[in-house]
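In case you want the letters, here they are:
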Amino acid sequence: MRAYLATFRARFRTVMGYRAAALAGVFTQLFFGFILVHILESWYASGAGAPIGLAQTASYVWLGQAFLAFQVWGPDPELRDLIRSGEVARDLLRPADLFGLWFARTLGWKAAGVALRFWVVLAFAALFLPALGMPELALNAPASPAGFAAFLAMMALATLTSAGLAVVVSCFQFSQVSAAGASAIAGAASMFFSGLIVPLPLLSGPVERLSALLPFRGLADLPFRFWLGTLPPRAVFSQAAYQAGWVLALIVGGWLYTRSRLGRIAVAGG
Amino acid sequence: MGPVRMYFRLVGLSVRSQLRYRSALALQVAGQFLITAIEFGGLYALFERFGHFRGWELPELAFLYGFVDMAFSLADALAYGFDFMGTLVRTGDFDRLLTRPLSPVLQLLGREVTIRRAGRLAQGLAVFVWAAVSLASSGTTWYRPLGLAALAAGFLAGVVVFLSVFLMQAALTFRTVEGLEFMNAFIYGGRQASAYPASGHRPWMRVLFLGGVPLASVMYLPVCLALGREAFPGWPLWLGLAGPFAAAPFAGLAWLLWKAGLRRYQSGGG
């Protein structure tokens, strides 16, 4: 266990070192988030009948930008390069489980990616936008203390889900030269089915029912609903259990797949 | 060998090298197609929910969206080589480009034309064609000579504006290799904002996208002319023919920035 914890900590600290790059990325997110909210405001001005109001939708979009780094865009770039260059063979020599090490590393990368950025987006959306005279597009406070607690619990699961999905995508590199294709497909699915393209409460019909089954929803939509209060705090137990099931499935599935593949890999390079 | 022929030879090499890994490429093209298809799915879902976007019906929205997306994807595929600028400048390998008898810009552009972005182009084209056909069958004569002229000029100008933003980003690499992601705000934010009718924009955003990064001037105004819609209350249609010219000063500025950067470039490597 200590080996995994050390791997997690090392990766977390490394990523936390890249503050300047992360802040430049955050600027993009603020601009992009603003444009998204702004477009949604126009939709709201065009027609009535949305199940949640503009204020809630705006909050939802800002939370989405704050926790954007949980989205599944592909493997940890460091891990990707290790696999491509063959240096990953060194991980095979370590007296610890390969998949466990990868998961710990990816978890550190994901957690740090969010830790670097989320507070800038939250501060901008909650404090700066109202000060600029656009309170209607701002992030609102959580609906209730209990809802906020549920939000935090679901966010912990979101971190695990995010790392689980990313590490499973990394495993595609066993059979493909690059995980770019798998990453692109996973990225599209996670953006849409977690509510980053269109807030899921605005969808209806089969697409919404499908999104409720998939694991991506736990990366954004589920925790956000507790923040907004569209899910009652007591629903956290059943939702967390479902999401934890997905986390377990991803980890066990990835571990089994890695084990079955390890017998067949050829290491490139020396 | 003329510079243009040389460029096309480089492009040919890049295309051939990408075709070596066919299954990976196929997955990537599919992934890109899916990402953009899902984005349009989002637009469709919002249309279903709200009924119209500030008076624009779905085919009209799709017409603008497809038009902007095609120009963006083409520019994005052509300009992928600029992505290498950071590494080239940091390692000093940019020197090698300077020793060859071909413009460094053409060498960069010829470095890689990404086929996988073709998936995105195909999606933009599909949306555009669907919109064009359904508009024509419902009596919107977007294909009159003036409309076609405006669309052709607007498409070219749109590609030029997107390429200019990429060139500016590359030019800034001469000053700093860190934190250039902030330019993505204008690239992806600009694409997102200009894919929707600018009539819904706040005043400062109108100024930004009509004058600053003139995406609305070069793409929204021509589409308005073709569809016979007022771009903003009281604006004459002929502006759709004038708008594309806004690309010229913007491209000029990008070129000057690039030249200034090139002049002060000092090799960083040995």
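A brief structural summary. Bear in mind the structure is a predicted one, so any value in this text is a computation, not a measurement. (Residues numbered from 1 in each chain as written. Chains lettered and ligands numbered in written order. Predicted model: local features only at pLDDT ≥ 70, side-chain atom pairs only at ≥ 80, totals over all residues. Heavy atoms only, no water.)

1. What about the overall build of chain A?
Line of reasoning, step 1. Along chain A, the regular secondary structure elements total eleven helices and zero strands.
Line of reasoning, step 2. If you list the helices and strands of chain A from N to C, you get α-α-α-α-α-α-α-α-α-α-α.
Line of reasoning, step 3. Computed over its C-alpha atoms, the radius of gyration of chain A comes to 19 Å, within 12% of the 18 Å expected for a compact globule of 270 residues.
Line of reasoning, step 4. Within chain A, the proportion of its 270 residues that are buried is 56%.
Line of reasoning, step 5. Across chain A, contacts joining residues at least 24 apart in sequence account for 80% of those joining residues at least 6 apart.
Line of reasoning, step 6. For chain A, the accessible surface area stands at approximately 11,300 Å², while carbon and sulfur atoms represent 68% of it.
Line of reasoning, step 7. Separation of charge centres in chain A, based on 19 positive and 10 negative side chains, amounts to 7 Å. (Helix = DSSP H or I, 4+ residues; strand = E, 2+ residues; numbered from the N terminus. Rg over C-alpha atoms; globule rule 2.2 N^0.38 Å. Buried < 20%, exposed > 50% of the residue type's maximum accessible area, 1.4 Å probe, protein only. Contact = heavy atoms within 4.5 Å. Areas by Shrake-Rupley, 256 points an atom, 1.4 Å probe, with all protein chains shown as cover. Lys, Arg positive; Asp, Glu negative; His and termini not counted. Charge placed at Lys NZ, Arg CZ, Asp CG, Glu CD.)

2. Overview of the overall build of chain B
Line of reasoning, step 1. Counting its secondary structure elements, chain B contains 13 helices and zero strands.
Line of reasoning, step 2. Along chain B, helices and strands appear, N-terminal first, in the series α-α-α-α-α-α-α-α-α-α-α-α-α.
Line of reasoning, step 3. Computed over its C-alpha atoms, the radius of gyration of chain B comes to 20 Å, within 12% of the 18 Å expected for a compact globule of 270 residues.
Line of reasoning, step 4. The C-alpha extent of chain B, read off along each of the three principal axes, is 65 × 40 × 35 Å.
Line of reasoning, step 5. Looking at the 270 residues of chain B, the share that counts as buried comes to 53%.
Line of reasoning, step 6. Sequence separation of at least 24 residues holds for 76% of the intrachain contacts in chain B that already meet a minimum separation of 6.
Line of reasoning, step 7. Within the structure as shown, chain B displays about 11,800 Å² of accessible surface, and the carbon and sulfur contribution to it stands at 65%.
Line of reasoning, step 8. The centroid of the 23 positive side-chain charges in chain B is displaced by 8 Å from the centroid of its 13 negative side-chain charges.

3. Describing the layout of surface pockets
Residue and element names in this part refer to chain B.
Line of reasoning, step 1. Here the second largest pocket is characterised by a volume of approximately 300 Å³.
Line of reasoning, step 2. Contributing to the lining of the second largest pocket are 18 residues, with Leu10, Leu97, Arg100, Gln107 and Arg111 lying nearest its centre.
Line of reasoning, step 3. Taken together, the elements giving at least two residues each to the lining of the second largest pocket come down to helix H1 (3–18), helix H5 (94–99) and helix H6 (104–111).
Line of reasoning, step 4. Residue contributions to the lining of the second largest pocket peak at five residues, all from H1.
Line of reasoning, step 5. In terms of residue class, the lining of the second largest pocket is made up of ten nonpolar, four polar and four charged. (1 Å grid on protein atoms, 1.4 Å probe; cavity = no way out; pocket = protein on both sides within 12 Å on 5 of 7 lines; lining within 4 Å. Points joined across faces, edges and corners; volume = space filled by probe spheres on them. Nonpolar A, V, L, I, M, F, W, Y, C, P; charged D, E, K, R; others polar.)

4. Section: helix H7 (residues 118–137) of chain B
All names here are of chain B.
Line of reasoning, step 1. In a regular helix each residue adds 1.5 Å, so 20 residues correspond to 28 Å; H7 covers 28 Å between its end C-alpha atoms and thus fits that length.
Line of reasoning, step 2. Taken together, the buried positions of H7 are Gly119, Arg120, Gln123, Gly124, Val127, Phe128, Ala131, Ala132, Ser134 and Leu135.
Line of reasoning, step 3. Looking at the packing, one finds that the buried side of H7 touches helix H2 (22–50), helix H3 (58–78) and helix H11 (215–227).
Line of reasoning, step 4. Where H7 terminates, the next one or two residues include Gly139, which has phi positive at roughly 95°. (Expected span 1.5 Å × (residues − 1).)

5. With respect to the interface of chain B and chain A
Line of reasoning, step 1. Counting from both sides, the interface comprises 42 residues of chain B and, opposite them, 44 residues of chain A.
Line of reasoning, step 2. Together, the buried faces of chain B and chain A total about 3,600 Å²; carbon and sulfur atoms form 74% of this surface.
Line of reasoning, step 3. Among the residues of chain B in contact with chain A, Arg49, Phe50 and Arg202 of chain B are the three that bury the most area, contributing 22% of the side total.
Line of reasoning, step 4. Scanning the region where chain B abuts chain A turns up two salt bridges.
Line of reasoning, step 5. As a salt-bridge pair, Glu41 of chain A and Arg202 of chain B come within 2.8 Å of each other at their nearest N and O atoms.
Line of reasoning, step 6. Summed over the shared surface of chain B and chain A, the result is eight residue pairs in polar contact (both at pLDDT 80 or more).
Line of reasoning, step 7. Secondary-structure elements contributing two or more residues to the side of chain B that touches chain A are H2, helix H9 (182–194) and helix H10 (203–212) of chain B.
Line of reasoning, step 8. For the side of chain B that touches chain A, a count of residues per class yields 23 nonpolar, 13 polar and six charged. (Buried area = accessible area lost by both parts, 1.4 Å probe. Salt bridge = Lys/Arg side-chain N within 4 Å of Asp/Glu carboxyl O. Polar contact = N/O pair within 3.5 Å; in protein donor to acceptor, adjacent residues only side chain to side chain.)

6. Remarks on the nonpolar core
Line of reasoning, step 1. Within the largest apolar cluster, 152 residues are counted, with the highest numbers of intra-cluster contacts made by Trp43 and Trp62 of chain A together with Phe63, Phe94, Tyr220 and Trp258 of chain B.
Line of reasoning, step 2. Per element, the largest residue contribution to this core is twelve residues, and it comes from H3 of chain B.
Line of reasoning, step 3. If near-sequence neighbours (up to four positions away) are discounted, Tyr220 of chain B is found in contact with Trp56, Leu64, Pro197, Ala198, Ser199, Leu215, Glu230, Ala231 and Phe232 of chain B. (Core = buried A, V, L, I, M, F, W, Y, C linked by side-chain atoms within 4.5 Å.)

7. Regarding a nonpolar patch on the surface
Line of reasoning, step 1. The grouping of Leu248, Val252, Trp255 and Leu256 of chain A at the surface amounts to a nonpolar patch, some 370 Å² of accessible area in total.
Line of reasoning, step 2. For Trp255 of chain A, a relative accessible area of 33% puts it in the partly exposed group. (Patch = residues over 30% accessible without salt bridge, like charges linked within 9 Å, V, L, I, M, F, W, Y side chains within 5 Å.)

8. What to know about the packing of H2 of chain B against H7 of chain B
All names here are of chain B.
Line of reasoning, step 1. Running from N to C, H2 and H7 cross one another at 35°; their axes reach a closest spacing of 7 Å. Helix-helix and strand crossings are classified by hand; for H2 and H7 the assignment is right-handed. Each of Val29, Gln32, Phe33, Thr36, Ala37 and Phe40 in H2 lies in contact with H7, whose residues at this interface are Gly119, Arg120, Ala122, Gln123 and Val127.
Line of reasoning, step 2. Taken together, the residues of the contact of H2 with H7 sort by class into six nonpolar, four polar and one charged. (Axes fitted to C-alpha atoms, helices over the stretch in contact; angles between N-to-C directions. Left-handed = near helix turned anticlockwise from the far one by under 90°.)

9. Focus on empty space enclosed by the protein
Residues and elements named next belong to chain A.
Line of reasoning, step 1. The final tally for this structure, using the stated rule, is three cavities of 30 Å³ or more.
Line of reasoning, step 2. Approximately 50 Å³ is the volume attributed to the largest cavity.
Line of reasoning, step 3. Around the largest cavity, the lining residues are Leu36, Tyr60, Val61, Gly64, Gln65, Gly195, Leu196 and Phe224.
Line of reasoning, step 4. Counting residues per element, the lining of the largest cavity draws most heavily on helix H3 (residues 54–66), at four residues.
Line of reasoning, step 5. Of the residues in the lining of the largest cavity, the class split is five nonpolar, three polar and no charged.

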